[in-house]
Amino acid sequence: MRRFGLFLLLLAALATTLTACAPLVEKAPEEAQIYATFYPFYALTALLTEDIDALRLSCLVQPQDGCLRDYALSDWDLYLLSGADLVVAGGRGLESFESTLQSLGSSGPAVALTLYNTELYNQNQADEASDDEESSHLDGPNPHLYMSIDGARYIVEGVAAALMELFPQYADQVGDNLEAAAARLDELAGQMHAAAENAQGGRVILMNEALVYTAEELGLEIVGQYERESGEPLYEGDTEECLAQLAEMDANVVLVEKQAPASLTDALEEAGYIVSRIDVLSTRRADMGAEGYFAAQMENAQAVAEAFAQAEGRN
């Protein structure tokens, strides 16, 4: 199967960009090794490879407390990729190593970048990094689209297209799995909206960039965002500045990532805010499978509902 050397932007096979070294293990000719860069892409791809034993799916990057955008490939990651036939990734700034994937050479795996050709939050800002020394990745298009159910549908459709093109012998099975995945995602959206019905239209402050898509999915009104890196504490002097900024945003419910340090969430609660801890899917593992995605999204909807129920109780 080490014959692709394709670079896929959703449906388009665009360029020969990847190289390969010796595979980690010898594979039977009819088998293929697929890597998804991060857990959300692993979970959504798993919906499509279900019951297709010849398409062996693995998650490349282990659980991360920090921002996925900051992850750098290790030598071990590169070794694993040398045995891949396809890499499913996001692109659009999610993988800091996107250019590395593209530069591995023509004998390497295909790369399916699933976030191109669609609108992202902050779409009006350029995809290319700014030359401004003060710029950060938080300034550009927000690639955490998998937090939205519509975004998950888009990703699944793009991965399915790549699988059908690269493995036409499994196209019918992938197509059937795509239909089932779409139905499950539709059901999940309905369940999430029902679970958080009490929160619809509620005013909320965000403290993690990925939560924009959660808030939009659940119909929340985003009154402000405090920019910080996922999993990072507020250092000396920053807490007072943060609370001063939040005080100007006129909301008492704050959404943060689940792995936010206790020092941060404690400070928010002591200041009178209701803190809703949301799973941004970076700390999940491959052994949670696709079901982990559905469970996390439902837990997120319930966490938002509980926060707004608590807020209502204070009024």
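Here the structure is shown first, and the text comes after it.
Just so we're clear, the structure is a prediction, and the values are computed from it rather than from any experiment.

Caption draft 1: Main features of the pairing of strand E3 (residues 32–36). In terms of burial, E3 is largely enclosed, as 5 of its 5 residues are buried. Neither face of E3 is open: one carries Ala 32, Ile 34 and Ala 36, the other Gln 33 and Tyr 35, and all of them are buried. Pairing of E3 with strand E4 (residues 55–59) involves 5 bridges; the strand directions are parallel. Within E4, the residue paired with Ala 36 across the bridge is Cys 59. Handedness of the crossover joining E3 and E4 through helix H1 (residues 39–49): right-handed. Two elements, E3 and strand E5 (residues 86–89), share 3 bridges in a ladder whose sense is parallel. The residue of E5 that forms the bridge with Ala 36 is Val 88.

Caption draft 2: Summary view of the packing of H1 against helix H9 (residues 289–314). Running from N to C, H1 and H9 point in directions that differ by 115 degrees, and their axes come no closer than 7 Å. What the angle tells us is that H1 and H9 run roughly perpendicular. Considering how the two elements wind past one another, H1 and H9 form a crossing that is left-handed. Contacts between H1 and H9 involve Tyr 39, Tyr 42, Ala 43, Leu 44, Ala 46 and Leu 47 from the first element and Gly 289, Ala 290, Gly 292, Tyr 293 and Phe 294 from the second. By residue class, the composition of the contact of H1 with H9 is 9 nonpolar, 2 polar and no charged.

Thresholds, definitions, all that
Residues numbered from 1 in each chain as written. Predicted model: local features only at pLDDT ≥ 70, side-chain atom pairs only at ≥ 80, totals over all residues. Heavy atoms only, no water. Buried < 20%, exposed > 50% of the residue type's maximum accessible area, 1.4 Å probe, protein only. Helix = DSSP H or I, 4+ residues; strand = E, 2+ residues; numbered from the N terminus. Pairing = 2+ DSSP bridges. Right-handed = clockwise from strand over helix to strand, strands pointing away. Axes fitted to C-alpha atoms, helices over the stretch in contact; angles between N-to-C directions. Parallel < 35°, antiparallel > 145°, perpendicular 65-115°, else oblique. Left-handed = near helix turned anticlockwise from the far one by under 90°. Contact = heavy atoms within 4.5 Å. Nonpolar A, V, L, I, M, F, W, Y, C, P; charged D, E, K, R; others polar.

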